[in-house]
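# Fold and geometry: a report
Listed here are the chains, written in short residue letters.
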Amino acid sequence: MSKNYKEAFSKTRLAGSIAAGALDEVAKIVKPGIRTKEIDKLCYEFINDHKAFSAPLFYRGFPKSCCTSTNHVVCHGIPSEKELKEGDIVNVDVTAVKDGWHGDTSRTFEIGEVSIKAKKLVKVTYEAMMKAINIVKEDIHLGDIGATIQKHVEAEGFSVVQDFCGHGIGEVFHKEPNVLHYGQSGSGEKVKAGMIFTIEPMINLGKYETKTLNDGWTAVTKDKSLSAQFEHTIGVTSNGCEIFTLPKKN
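Summary of the structure given here. (Residues numbered from 1 in each chain as written. Predicted model: local features only at pLDDT ≥ 70, side-chain atom pairs only at ≥ 80, totals over all residues. Heavy atoms only, no water.)

Scanning the protein from terminus to terminus reveals four helices and 15 strands. Relative to its length of 250 residues, the protein is compact, with a C-alpha radius of gyration of 17 Å against a globular reference of 18 Å. Oriented by its inertia axes, the alpha-carbon framework of the protein measures out at about 50 × 45 × 35 Å. Counting every position in the protein, which comprises 250 residues, the buried fraction comes to 54%. (Helix = DSSP H or I, 4+ residues; strand = E, 2+ residues; numbered from the N terminus. Rg over C-alpha atoms; globule rule 2.2 N^0.38 Å. Buried < 20%, exposed > 50% of the residue type's maximum accessible area, 1.4 Å probe, protein only.)

Taking 1.5 Å as the rise per residue, helix α3 (residues 116-135) with 20 residues should run 28 Å; its terminal C-alpha atoms sit 29 Å apart, in good agreement. When we look at burial in α3, the residues that qualify are A118, L121, V122, V124, T125, A128, M129, M130, A132 and I133. (Expected span 1.5 Å × (residues − 1).)

Mapped onto the secondary structure, G16 falls in helix α1 (residues 6-29). Of the residues examined, G16 reaches a relative accessible area of 0% and is grouped as buried. C-alpha separation for the pair G16 and I199, spaced 183 residues apart in sequence, amounts to 14 Å.

A few words now on the environment of M202. Among the structural elements, M202 can be located in strand β10 (residues 202-204). Separated by 28 residues in sequence, M202 and F230 have C-alpha atoms that sit 7.3 Å apart. Contact partners of M202, with chain neighbours within four places excluded, come to V74, C75, S159, V160, V161, F164, A228 and Q229. (Contact = heavy atoms within 4.5 Å.)

Among all residues except glycine, the phi angle is most often negative; among peptide bonds, the trans geometry is most common. With an omega dihedral of 0 degrees, the bond running from E176 to P177 counts as a cis peptide bond. By the secondary structure assignment, P177 is in strand β8 (residues 175-179). With phi around 55 degrees, K51 is a residue other than glycine that occupies positive phi space. Owing to a relative accessible area of 68%, K51 belongs among the exposed residues under this scheme. Even without a glycine there, the phi angle at R60 is positive, about 50 degrees. By relative accessible area, R60 is classed as exposed at 69%.

By themselves, these observations are geometric and do not establish any function.
Have a look at this one:
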């Protein structure tokens, strides 16, 4: 990657701010009784209003503008007539494309009052993502990211999904490198300034195994335990990284 990555960062920053803005709007409407298709409609309209478009829509045949993954759904849940209930958790995953560049982010929302276990799972998942982001800088190894997440998560008694990972992103939605959320410190390629990728740990209350349903998209925990996820798109600098998908208020 060229040292001159200002343009790539600038364009990803704009796309990322739109994706984050969509989730800021979702945060205002997620409550018991809302249908996941209403979340999808909001994301579609918000992204369009900002003269961008949704990367998931029609991507490899995906039918909607965002993913809504509820409770034991790990990722790639398809918005539908499903009504969210008190005590549910739902991950909403949004990717905006603006001027040919992608910004990819997700958050797990608590619907009304959730169980203590669910609340802890959501908290630990967010912490794991941020702990990993906080170590990113030029010349760390990709394995350091996975090891940081795995150590934090397993110390709390949860498990890291191994079937999905973070990914390089930019003018292409998914590209190298693969960013695993588990692994050994000091393993994998070295991170270089100018790289742009996602960190998006999926963490299960029970075991880490998943399976994909017959729709070809929806991934669920094999043991039907709860799963949570958070995701940011980041750009690596010589002494740290920039998060391109931060919420407006947090």
